[in-house]
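Below are the chains, spelled out letter by letter.
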There are 2 protein chains.
Amino acid sequence: MSKNCNFIEKLREVGLRPTKQRVKMCEVLYNREKTFHFTINDLVKLLSEKMNQKISLATVYNTVHAFEKKGYLKEISIDSHKSYFDTNTSAHHHFFDEDTHELIDCDESDIDKINIRKNITGKKINSVEVLVRVASDNQTQK
Amino acid sequence: MSKNCNFIEKLREVGLRPTKQRVKMCEVLYNREKTFHFTINDLVKLLSEKMNQKISLATVYNTVHAFEKKGYLKEISIDSHKSYFDTNTSAHHHFFDEDTHELIDCDESDIDKINIRKNITGKKINSVEVLVRVASDNQTQK
DNA sequence: TCAATAGTTTAGAATTATTATAATGTAGAT
DNA sequence: ATCTACATTATAATAATTCTAAACTATTGA
Ligand SMILES: [Mn+2]
Ligand SMILES: [Mn+2]
Ligand SMILES: [Zn+2]
Ligand SMILES: [Zn+2]
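Residues numbered from 1 in each chain as written. Chains lettered and ligands numbered in written order. Predicted model: local features only at pLDDT ≥ 70, side-chain atom pairs only at ≥ 80, totals over all residues. Heavy atoms only, no water.

Here's the deal with the protein's contact with DNA strand D
The environment of DNA strand D is made up of 21 residues, and the closest members are A:Arg12, A:Tyr61, B:Thr19, B:Gln21 and B:Thr59. Sugar and phosphate atoms constitute 74% of the interface atoms of DNA strand D, taking the interface as everything within 4 Å of the protein. A distance of 2.5 Å separates a phosphate oxygen of DNA strand D from a polar side-chain atom of B:Thr19. One nitrogen or oxygen atom from the side chain of B:Thr59 is found 2.8 Å from a phosphate oxygen belonging to DNA strand D. When contributions to the surface near DNA strand D are tallied by element, the ones reaching two or more residues are α4 (57-69) of chain A together with α2 (20-30) and α4 (57-69) of chain B. At four residues, α4(A) tops the list of elements feeding residues into the surface near DNA strand D. Residue classes in the surface near DNA strand D are distributed as seven nonpolar, nine polar and five charged. (Near = heavy atom within 4 Å. Polar contact = N/O pair within 3.5 Å; in protein donor to acceptor, adjacent residues only side chain to side chain. Helix = DSSP H or I, 4+ residues; strand = E, 2+ residues; numbered from the N terminus. Nonpolar A, V, L, I, M, F, W, Y, C, P; charged D, E, K, R; others polar.)

Below you can see the structure in the form of structure tokens.
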């Protein structure tokens, strides 16, 4: 979904009722310049800051999964312990900052197209994604 | 750890007491031809099949994490909902079969070396790993 | 306009994976 | 054989997520 789009209309278009919770979540998720990467916890915190009435945790989960199913969010696996989501649903690569636990999108130009030479019989490739883990390069004095 | 190595000696070398639970876990994990990819659940099932006395779940977790800390297991993130481990601790890429939830190692020759053009100030690259998701290519008849 | 209805929200309970606790057991040293 | 630090274990605790069922509401069409 694009910044400053009419979320009420957009939700209707994809067959989701434009409730105030969903509209507010759209605003928080999509009214921004750049891709947003978040955990459910991040999102709950943001929502409680930006809304007078709190949205229930169950609704946040329901809505995130509803948006994911409609193709407006994508789940990213970087940590086996919690789920990360991404408002950029296209195929793309990531940097993951192991200090801050932040995800950063790669541009097309950052990494060449990956060429897969192996073929698994009877299987087709659904996605090819690179994860670059980075961390502070401060050395402990030697 | 290599196949048919002396696990008792090996454990001692790295400062882990060679208890019967640890030795049995070594056998199950490392006495095989190929890399072993598993979840804790897989491992518990295997162990209970191959051992008369059962190993407690807490011990399985403790031991897996002990082996990971010593560099004999590596955690792989493909699914935010459970942890996968890998007896191949070197830097390498994976195929993930979304039908069977099986991980398959890539060889060096399967994917060219990834060239990262982007640089994140003050951060060094710890790892670059590719995950290729595959699934059955049966089409629903058109 | 205003019920009827289907879809939505919600609090709280349930489930699942994982970690912590603390009592018991044991490998290796003396 | 005894000691002691380290390990194992059952169980409880925690954390993330999903389920449930009752209350609520957006939309429809009489
Ligand atoms: Mn999920
Ligand atoms: Mn872990
Ligand atoms: Zn992204
Ligand atoms: Zn592997």
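What about the relation of the copies chain B and chain A?
Mapping chain B onto chain A calls for a rotation angle of 180 degrees and an axial translation of 0.0 Å; the resulting RMSD is 0.1 Å. Between the two chains, the operation in question is that of a two-fold axis. Looking at the interface residues of chain B, 100% of them are also at the interface in chain A, so both copies use one shared face. (Least-squares fit on C-alpha atoms with pLDDT ≥ 70 in both. Contact = heavy atoms within 4.5 Å.)

Here's the deal with the protein's contact with DNA strand C
Lining the immediate surroundings of DNA strand C are 20 residues, of which A:Thr19, A:Arg22, A:Thr59, B:Arg12 and B:Tyr61 lie closest. Near the protein, within 4 Å, the atoms of DNA strand C are sugar or phosphate in 75% of cases. One nitrogen or oxygen atom from the side chain of A:Thr19 is found 2.5 Å from a phosphate oxygen belonging to DNA strand C. Residue A:Arg22 places a side-chain N or O atom 2.6 Å away from a phosphate oxygen belonging to DNA strand C. Of all elements in the fold, only α2 (20-30) and α4 of chain A together with α4 of chain B reach the threshold of two or more residues within the surface near DNA strand C. Looking at which element gives the most residues to the surface near DNA strand C, the answer is α4(B), with four residues. Per-class residue counts for the surface near DNA strand C are six nonpolar, nine polar and five charged.

Let's talk about the domain arrangement of chain A
Residue and element names in this part refer to chain A. Domain annotation for chain A reports domain 1 (3-76) and domain 2 (90-134). In this structure, domain 1 and domain 2 have C-alpha centres spaced 25 Å apart. Between domain 1 and domain 2, the contact holds four residues from the first and eight residues from the second. Both faces considered, domain 1 and domain 2 share a buried interface measuring about 450 Å² in area, 53% of it formed by carbon and sulfur atoms. Of all residues in domain 1, His 37, Lys 74 and Ile 76 bury the most surface against domain 2, accounting for 91% of the area lost on that side. Summed over the shared surface of domain 1 and domain 2, the number is one salt bridge. Glu 129 is the partner of Lys 74 in a salt bridge, and the nearest nitrogen-oxygen pair spans 2.8 Å. The interface formed by domain 1 and domain 2 contains six residue pairs in polar contact (both at pLDDT 80 or more). Across the side of domain 1 that touches domain 2, the residue classes break down as one nonpolar, two polar and one charged. (Domains from an automatic or database assignment. Buried area = accessible area lost by both parts, 1.4 Å probe. Salt bridge = Lys/Arg side-chain N within 4 Å of Asp/Glu carboxyl O.)

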